[in-house]
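Close look at the chain arrangement
These are the residues of each chain, in order.
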Amino acid sequence: MKKITSIKARITIWYTTLMFILIAFVLILVGTVSYKQAIDNVEKDVVLRVSIISEKTGKGPMGMFHTVNSNRDFKNVSIYDTDGEYIAGQYMYDVANIEFKEGKPRRETVDGKEYVVYDIKKVAPPGMHGGFWIRGFESVNSTVILGRSAYTSILIIVPIVLLLTALGGFYITRKAFMPINNIVHTANSICEQNDLKQRIDISPDAKKDELNNLSVTLNNMLDKIENLVLQEKQFTSDASHELRTPISVILAQGEYLLDIADTVKEKELAQTIVDKANQISKLVSHLLLMARIDGNRQKLKYENVDVCLIADIATENVKGMADAKNIDVSVDITENTFVYADEILLMSVLENLICNGIKYGVEGGNVAVTANTEGGFVNITVKDDGVGIPKEHIDKIWGRFYRLDNVRNDEYGSNGLGLSMVKSIVELHGGKVSVESVINKGSVFTVRLPLFNKNN
Ligand code: ADP
């Protein structure tokens, strides 16, 4: 059976069931008391009628039965001889077959029907032997006792009361839980759109209850988080700016040193300075780019970009790395595959992905770049036959500074920023990037870009 998870439904079911139990309890109590009362009345009535007839037939001759026969007092009263043969009064087959017994009024059941029966034995009037029985009776069918109208009202009223309880309960809980829907909606929207500016919608005339307090508190918390994130971004942006000039100076001085170095050792040292300065310079430009994208300050220079051409250039840029590992990088894209995008940024996307294919590829392996258009999109794939990515890391690799293997790729100046930058650039173009990977078989990264962007 499906488990009911909605609190609204659970509260409604709980109160409706409680109401049902309460109504049932009250009905049973009232029913039992009034049934007993009714039976007492019936018994009194039967005894009274039998007594009246008994008095009337007390001393008269046998023929007087027929005189009283027409009397309305004979209603539900009949007279039998001592052999049980019907003599006079109201005859009822079921009742006539019940054994005669003197004593108090009693309840007898015949063919599932219940009767109150009261017998008294009288001495024989003149001309009759042995005496006779006077029997009073009344059906005690519960419907008759309580009355049809009472039953009908119960059958109508109970479902209506239960329905009103269920609807009322559901309406009240739904209204009370409305702020939770808003909270869930806002939280989902913030996650989906990565937009920390959104706040939970709080109506000005909302009741100041616990859920309202929760919404206000969450909004305050979102204010704080947004401020912290903004401060952190601002810091990254400022720090990167500040680092740019000294790094350029170190790079220039290092290159100069490399030029004037005489000995091999001096050249080695100068080269290390240049390499490391280049690494820091790359890192700083990545950070600056991302700070600009985060702050919506990165302007895109849209143009018709030849995907095949930029894939070729990106491949050429990383040729040294590929050759060092004897990896074959192939580009198989039909000519005239164009996409409207920022050429420089798109090229850095491809360069990063191809570069990763080489870094995490195996000696003598392959990296293949392909593209196809489908609907209003172009799908560019970069496929390698390298180490692959474990399932549990797939979602995390897009995070800033996230790296699986810090040591092994130090030689490439890896910093864990490449894929997060790829993602930011692709999303800035209104596209999506995804990956499929199998350990020790390889990975396929797919960049899906709209052929034409709504911002164009
Ligand atoms: P890094 O500078 O470390 O390469 P990235 O952001 O480019 O940073 O990648 C993040 C992590 O994702 C890498 O450390 C690596 O473990 C994994 N990764 C990226 N591309 C590939 C690939 N083609 N094959 C296997 N692992 C990859």
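Residues numbered from 1 in each chain as written. Predicted model: local features only at pLDDT ≥ 70, side-chain atom pairs only at ≥ 80, totals over all residues. Heavy atoms only, no water.

Summed over the entire model, instances satisfying the criterion amount to 6 aromatic pairs. Taking the centre distance of 5.0 Å and the plane angle of 70° together, the rings of tyrosine 86 and tyrosine 91 count as edge-to-face. In this structure tyrosine 91 comes out as partly exposed when scored by relative accessible area, which is 42%. An aromatic cluster of three or more residues is present, and its members are Tyr80, Tyr86, Tyr91, Phe100 and Trp133. Geometry around phenylalanine 100 places arginine 135 over its ring, the cationic atom sitting 4.0 Å from the centre. (Phe/Tyr/Trp six-rings, centres within 6.5 Å; stacked < 30°, edge-to-face > 60°. Buried < 20%, exposed > 50% of the residue type's maximum accessible area, 1.4 Å probe, protein only. Lys NZ or Arg CZ within 6 Å of the ring centre and 35° of its normal.)

Attention shifts here to the pattern of salt bridges. In total, this model carries 13 salt bridges according to the counting rule given. Here arginine 49 makes a salt bridge to aspartate 45, at a shortest N to O gap of 2.7 Å. Of the two residues, arginine 49 and aspartate 45 both sit in helix H1 (residues 7–56), 4 residues apart, roughly one turn of that helix. You can call aspartate 45 partly exposed: its relative accessible area is 34%. The salt bridge involving arginine 199 is made with aspartate 223; its shortest N-O contact spans 2.7 Å. Remark: aspartate 223 occurs in helix H6 (residues 210–260) and arginine 199 occurs in the loop between helix H5 (148–193) and H6; sequence separation between them is 24 residues. Assessed through its relative accessible area of 36%, aspartate 223 is described here as partly exposed. Connected through shared salt-bridge partners, Arg106, Glu108, Asp119 and Arg135 make up one network. (Salt bridge = Lys/Arg side-chain N within 4 Å of Asp/Glu carboxyl O. Helix = DSSP H or I, 4+ residues; strand = E, 2+ residues; numbered from the N terminus.)

So, about the packing of helix H8 (residues 307–317) against helix H10 (residues 343–359). Put simply, H8 and H10 touch, their axes get as near as 9 Å, and they point 50° apart. When the interaxial angle is binned, H8 and H10 end up oblique. Every pair of crossing elements has a handedness; the one defined by H8 and H10 is right-handed. Seen from H8, the contacting residues are Ile310, Ala311, Ile313, Ala314, Thr315 and Asn317; seen from H10, they are Glu343, Leu346, Met347, Leu350, Glu351 and Ile354. (Axes fitted to C-alpha atoms, helices over the stretch in contact; angles between N-to-C directions. Parallel < 35°, antiparallel > 145°, perpendicular 65-115°, else oblique. Left-handed = near helix turned anticlockwise from the far one by under 90°. Contact = heavy atoms within 4.5 Å.)

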